[in-house]
Amino acid sequence: MDGQAAGSQAMFEEVEWKDTDDGALLPPPHCSAQHNPLAPASCLQKQHGRLLSTLQRLEASSCMTGCRPLSAESEMDSGFIDQAGRKQRQGPKRRAASSPYIAPGAPSSSDTSQAGLGLDTAGRRQRRAETLKERAHTPNKEQLSKELGAGAAGGPAPLLSRKQWRNKQKNKRRQKNKFKVGAGQGQSTAALPLSELSGLLRARMEEQLQAARFRHINQQLYTSTSQEAAQLFQHDPEAFAIYHRGFAQQVGRWPENPVHRIIRYLQGRPASLVVADFGCGDCKIATSVKNKVHSFDLVALSPHVTVCDMAKVPLAAESVDVAVFCLALMGTNLQEILEEANRVLKPGGILKVAEVSSRFTDIQAFINAMTQLGFRIVSKELDNPFFWLLDFRKRGRPRPRARGALPGLALRPCRYKPR
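Quick look at the structure, then.

With that settled, consider the overall build of the chain. Secondary structure summary: the chain contains 12 helices and 11 strands in total. Each of the 419 residues in the chain was classed as buried or not, and the buried ones make up 33%. Put simply, 60% of the contacts in the chain that link residues at least 6 apart link residues at least 24 apart. Just so you have it, the chain exposes about 27200 Å², and 53% of that area is on carbon and sulfur atoms.

As paired strands, strand S5 (residues 274–278) and strand S6 (residues 292–297) are joined by five bridges and run parallel to one another. Counted as the bridge partner of Val274 is Lys292 from S6. Pairing of S6 with strand S7 (residues 305–307) involves three bridges; the strand directions are parallel. Pairing of Phe296 across the sheet is with Thr306, part of S7.

Here we come to the packing of helix H8 (residues 226–235) against helix H9 (residues 237–252). Interaxial distance between H8 and H9 falls to 4 Å at its minimum, and their mutual angle equals 110°. By the angle between their axes, H8 is roughly perpendicular relative to H9. For the pair formed by H8 and H9, the contact residues are Phe233, Gln234 and His235 on the first element and Pro237, Ala239 and Phe240 on the second. Classifying every residue of the contact of H8 with H9 by side-chain character gives four nonpolar, two polar and no charged.

With a phi close to 60°, Cys283 is a non-glycine residue in the positive phi region. As for its position among the elements, Cys283 is in the loop between S5 and S6.

Another point: the nonpolar core. With 38 residues, the main nonpolar core has Leu221, Phe233, Ile262, Leu266, Ile285, Val324 and Cys326 as its most contacted residues. Considering each element in turn, this core owes the most residues, five residues, to H9. Beyond its immediate chain neighbours, meaning those up to four positions away, Leu266 contacts Val275, Ile285, Val289, Asn291 and Val322. Grouped together as the second largest cluster of nonpolar side chains are 36 residues, Leu315, Phe360, Ile363 and Leu390 included.

Let us now look at the sheet that holds strand S9 (residues 345–356). Pairing is mixed in the open sheet, where seven strands are placed in the order S7-S6-S5-S8-S9-S11-S10. The two strands at the open ends of the sheet, each matched to only one other strand, are S7 and strand S10 (375–381). Going across the sheet, the axis of each strand differs from the next one's by a mean of 20°, ignoring polarity.

With that settled, consider helix H7 (residues 194–222). For H7, which comprises 29 residues, the first-to-last C-alpha distance of 43 Å matches the rise-based estimate of 42 Å (1.5 Å per residue) to within 8%. Looking only at H7, the buried set comprises Leu197, Phe214, Arg215, Ile217, Asn218, Leu221 and Tyr222. At its buried positions, H7 is contacted by H8 and H9.

For the structure shown, the criterion picks out seven salt bridges. Ionic pairing is found between Asp321 and Lys346, a salt bridge with its closest N-O pair at 3.4 Å. With a gap of 25 residues between them, Asp321 in strand S8 (residues 320–326) and Lys346 in strand S9 connect regions that are remote in the sequence. According to the relative accessible area criterion, Lys346 is partly exposed, its value standing at 31%. A salt bridge links Arg359 to Glu355, with the nearest nitrogen and oxygen atoms 3.3 Å apart. The pair formed by Arg359 and Glu355 is uniform in burial state, with each residue classed as buried. Via salt bridges that share partners, Glu256, Arg261, Arg264 and Glu381 belong to a single interconnected network.

A full pass over the atoms with the stated rule returns 10 aromatic pairs. Seen in terms of ring centroids, Trp254 and Phe386 are 5.7 Å apart; in terms of plane orientation they differ by 35°. Their pairing is tilted. Taken together, the positions of Trp254 in the loop between H9 and helix H10 (258–267) and Phe386 in the loop between S10 and strand S11 (387–394) put the pair 132 residues apart, joining distant regions of the chain. Accessibility expressed as a relative area gives 30% for Phe386, which makes it partly exposed. Feature note: the residues Phe233, Phe240, Tyr243 and Phe247 constitute an aromatic cluster, connected by ring pairs. The ring of Tyr265 has Lys352 sitting right over it, with the charged end atom 3.9 Å from the ring centre.

Let us look at the packing of H7 against H9. Describing two packed helices takes the angle between their axes plus the distance from one axis to the other. Packing of H7 against H9 brings their axes to within 9 Å, and their N-to-C directions diverge by 100°. For the element pair H7 / H9, the angle class is roughly perpendicular. Contacts from Gln210, Arg213, Phe214, Ile217, Asn218 and Leu221 of H7 reach H9 at Ala239, Ile242, Tyr243, Arg245, Gly246, Phe247 and Gln250.

When the terminal C-alpha atoms of H9 are compared, their 23 Å separation across 16 residues agrees well with the 22 Å that a helix rising 1.5 Å per residue should span. Close packing links the buried residues of H9 with H7, H8 and S6.

Now for a positive patch on the surface. A cluster of basic residues, Arg162, Lys163, Arg166, Lys170, Arg173 and Arg174, forms a positive patch at the surface. Relative to the assigned elements, Lys163 resides in helix H6 (residues 162–176). Owing to a relative accessible area of 57%, Lys163 belongs among the exposed residues under this scheme.

Parameters and conventions
- Residues numbered from 1 in each chain as written.
- Predicted model: local features only at pLDDT ≥ 70, side-chain atom pairs only at ≥ 80, totals over all residues.
- Heavy atoms only, no water.
- Helix = DSSP H or I, 4+ residues; strand = E, 2+ residues; numbered from the N terminus.
- Buried < 20%, exposed > 50% of the residue type's maximum accessible area, 1.4 Å probe, protein only.
- Contact = heavy atoms within 4.5 Å.
- Areas by Shrake-Rupley, 256 points an atom, 1.4 Å probe, with all protein chains shown as cover.
- Pairing = 2+ DSSP bridges.
- Axes fitted to C-alpha atoms, helices over the stretch in contact; angles between N-to-C directions.
- Parallel < 35°, antiparallel > 145°, perpendicular 65-115°, else oblique.
- Nonpolar A, V, L, I, M, F, W, Y, C, P; charged D, E, K, R; others polar.
- Core = buried A, V, L, I, M, F, W, Y, C linked by side-chain atoms within 4.5 Å.
- Expected span 1.5 Å × (residues − 1).
- Salt bridge = Lys/Arg side-chain N within 4 Å of Asp/Glu carboxyl O.
- Phe/Tyr/Trp six-rings, centres within 6.5 Å; stacked < 30°, edge-to-face > 60°.
- Lys NZ or Arg CZ within 6 Å of the ring centre and 35° of its normal.
- Patch = residues over 30% accessible without salt bridge, like charges linked within 9 Å, V, L, I, M, F, W, Y side chains within 5 Å.
- Lys, Arg positive; Asp, Glu negative; His and termini not counted.
- Charge placed at Lys NZ, Arg CZ, Asp CG, Glu CD.

Laid out in structure tokens, this is it:
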């Protein structure tokens, strides 16, 4: 029993290892097979060899990572070798301050990873909040379709673009401010007395009725002859005032009124030239130049106007130097009206035409038709998107073959969007 106890004590007794000059660890000289009679000498040599190789690998890895090599004491603290040669680990983890790899007071790898994870999580949360905020202000395609209520009942609504959604919102605001007074000043009808509100609404309704009547009269003038148009205004003189007011509103939206171009042309010519203004309106040419101007129209809005049919003006043949049609080529008998202009013009006289550009289906066909009527093109300005300016010179009477209908003179009527 005493021998067995001594053998057991020698087997579990901790031995001290010594460092050599080359960094290797050697067992003490008294450590031999006699201290462990239960283990043969060959097993102990194998255990020592494995231990030495393990320590060398740990030393090499510590040098590569920049850490100081493990000491024998720290290595022995990490575990012990039993008689079977298996490495056993100690149970509880050591604190970071006692680790030979980490300096005291430095943050551990777990703390650093947790801190990095916290920063990453905070950044993700911030980006997520910004994304949700943007989505709250800008609806997606499904929300746009739901707000617009597009699509048939019970069917899927089509996906709409953001531009369509913005246009829809703009139309909603316009509809909301439809009956507001002074839209640019921010004054609404709710702040007005009931009497003023009713008066404003009545005036607005009358304006809409007059605009509708202007479109109706405009359609009649383009689809009837000059004789029928003269009879229309003779029976209803107020209709011409409504038409002229609506016409002035439409032209007032243009960047430039073509009548001003014609006035500048005449102001640069001799004042001795005689002018015939077909469809003069409010006689703006006659009141702006020093020339003698004959103003003709279907209704007299000024004392300078001579009321007549544009196809039969009370002028002698070859009595004027310049004939003007400023937005006045109306009626289905344009050939008769232009032949009348040829009759009153002197040889070599100028015919100035200013007309809405959208009315011309084929500008070259129109010029060819004017050639048949005895005119030659002098200049043309086709760069304006609202109106075109054409200058012709009279070179003779209309050709006999031009007595028939000329398809090039068929201009499109100015049609307005029905409301």
